[in-house]
Amino acid sequence: MQQQEFKMFEERKILSVSQIVNDVKVQLETQFQDIWVRGEISNFKTPSSGHSYFTLKDSDAQVRAVCFRMQRRLLKFRPQDGMDVIVHGSLSVYPPRGEFQLVVEFMEPVGPGALQLAFDQLKSRLKSEGLFEEVHKKSLPLLPSKIGIVTSSTGAAIQDILRVLSRRNDRLNILIFPTKVQGTGSAQQVARGIHYFNTREDIDVIIVTRGGGSLEDLWAFNEEEVARAIFDSDLPVISAVGHQVDFTIADFVADLRAPTPSAAAEIVSGTREDLCNRVEGLHQRSVQAIQLCLKDKREKLRKLASSRAFVDAESKLRFFLQRLDELQARLIQTIPSLIRGTRQKFTQQEQSLGQQIHFYLKNKKHALTTLSTQLQAFSPLAVLERGYAIVTGKDREIVRDPDHVEKGDTIGIRVERGEFRAKKI
Amino acid sequence: MEYKDFENALARLESIVGELEEGELALEKALKLFEEGIKISRFCSTKLDEAERKVEILLKDKKGELTEKAFQPEGEPSA
């Protein structure tokens, strides 16, 4: 029925919705390629797909915008509602809803540069997470013996560091983890280097470094990945990125920021020199202290020794010694007289002894004379004088019994004036 | 007494020197501490002297594992 009515308009060209939307799509996408649009972000959302959807608006109009995941990941900063941005992309129509939208390829904030904004954003975010807090800062080892350096092996930074260490003649061992320090993938490499050194047993401290350059050149050290790696490091990390004036996110997270690579080398090698002085100083102080201690004890001893008690004792001792000397002298003096006396006594005794002996001998002589006279009286010779004879037998024995002599035996007869022999008849 | 840790040794040395400098110690104790102090200071000096500088760079070998090679300070990659 409807078809009947429409016959009135034979010239009408009827299009389907799909056709019209597709026509518009072709038109729009051809005409609005490679466009730059400035506006304010609102209603910014990133669902789990990772694509971001938002509205770009100004005071009078608005347009839907989408930033697919791949593109969004290239953005240095995080888009937020209210942000004034310039976007680059193209218009596209999404047929299912018949809406056109802006497909964003690139976006940069109006005002401060995108990098600066990204820097500020990451800095405030990590700060609020507490990554920069002093309590997390590890102290550097007093005496590092091996240092891990994450840097380019061909860069100025490593040469500066080695030059300083050579000049200071330090004995540090260096292990270099070579990385890109700018451009795509550099942040990941730097982070990997930090992780790697943490898996080793022999590294005492890590230096993350590169020479000077523009904000873009230094960008790897402003990336979250590097910041997290530094924060997660169990080893202390020194950051030394660019020149004195350059501050990077790495610097804020690091346990110590060295203003330049050379300064980092000074810091790690300087400690050894300081320590040598400190140990030497302590050594000297202990020697002085013990000397002082000994001197003090000696002084105390001297004081004690000269105390009243000792003086008294000593004077008493001296008195006794003197007394002893005196007595000794007196003793010595008495000796000659003692000897004299003794000798005198001896002489007397000697004399009296002589007399006694003399007397004794005289007595004995007298007794002897008497005795010999008496003896004379008993002598057999005296008997013979009186006319007796003594008869002796064979064996010169005195014969007292005539029966003891056999007939014919010779006998001896002794008379006063001699002896003669006879035979028994 | 073995101090494998330089930090601890140094801290001990400092406390010994502090105690000695107080000067209130009995002679025997003072001498004992002094002896220990001298030993530690010798240990520390040895530690400070012992290392020798070696500069190496990590390079990937054929198996893709990192190995250490002597580093040429001129920045030319070592063979």
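Just so it is clear, the model here is predicted, and its values are computed rather than measured. (Residues numbered from 1 in each chain as written. Chains lettered and ligands numbered in written order. Predicted model: local features only at pLDDT ≥ 70, side-chain atom pairs only at ≥ 80, totals over all residues. Heavy atoms only, no water.)

Visitor: Looking at this structure, how should I read a nonpolar patch on the surface?
Guide: Residues and elements named next belong to chain A. Taken together, Leu 15, Val 17, Ile 20 and Val 24 make up a surface patch of nonpolar side chains, about 330 Å² in accessible area. Relative to the elements of secondary structure, Val 17 occurs in helix α2 (residues 17-31). Owing to a relative accessible area of 63%, Val 17 belongs among the exposed residues under this scheme. (Patch = residues over 30% accessible without salt bridge, like charges linked within 9 Å, V, L, I, M, F, W, Y side chains within 5 Å. Areas by Shrake-Rupley, 256 points an atom, 1.4 Å probe, with all protein chains shown as cover. Salt bridge = Lys/Arg side-chain N within 4 Å of Asp/Glu carboxyl O. Helix = DSSP H or I, 4+ residues; strand = E, 2+ residues; numbered from the N terminus. Buried < 20%, exposed > 50% of the residue type's maximum accessible area, 1.4 Å probe, protein only.)

Visitor: Looking at this model, I keep getting lost on helix α10 (residues 308-378) of chain A. Mind explaining?
Guide: Since one α-helical turn is 3.6 residues long, residues separated by three or four positions face the same way. Along its 71 residues, α10(A) runs 99 Å from first to last C-alpha, staying within 8% of the 105 Å computed at 1.5 Å per residue. The largest bend in α10(A) comes to about 30°, at Ile335(A), with the proline Pro336(A) one to four residues further on. (Expected span 1.5 Å × (residues − 1). Bend = angle between axes of the 7 residues up to and from the residue.)

Visitor: I would appreciate a short explanation of the interface of chain B and chain A in the present structure.
Guide: Interface size is commonly expressed as the accessible surface area that is lost when the partners come together. Counting from both sides, the interface comprises 35 residues of chain B and, opposite them, 38 residues of chain A. Each partner contributes to the roughly 3,400 Å² buried at the junction of chain B and chain A, and carbon and sulfur atoms together form 66% of this total. The interface formed by chain B and chain A contains four salt bridges. Here Arg285(A) ties to Glu21(B) by a salt bridge, and the two come within 2.8 Å at their closest N and O atoms. The interface formed by chain B and chain A includes 11 residue pairs in polar contact (both at pLDDT 80 or more). Elements that contribute at least two residues to the side of chain B that touches chain A include exactly α1 (6-22), α2 (27-50), β1 (54-60) and β2 (66-70) of chain B. Broken down by element, the side of chain B that touches chain A gets its largest block of residues, 11 residues, from α2(B). Counted by class, the side of chain B that touches chain A contains 21 nonpolar, three polar and 11 charged residues. Here strand β7 (residues 173-178) of chain A runs beside β1(B); their pairing, made up of four bridges, is parallel. In the sheet register, Ile176(A) faces β1(B), and the bridge partner there is Ile57(B). (Contact = heavy atoms within 4.5 Å. Buried area = accessible area lost by both parts, 1.4 Å probe. Polar contact = N/O pair within 3.5 Å; in protein donor to acceptor, adjacent residues only side chain to side chain. Nonpolar A, V, L, I, M, F, W, Y, C, P; charged D, E, K, R; others polar. Pairing = 2+ DSSP bridges.)

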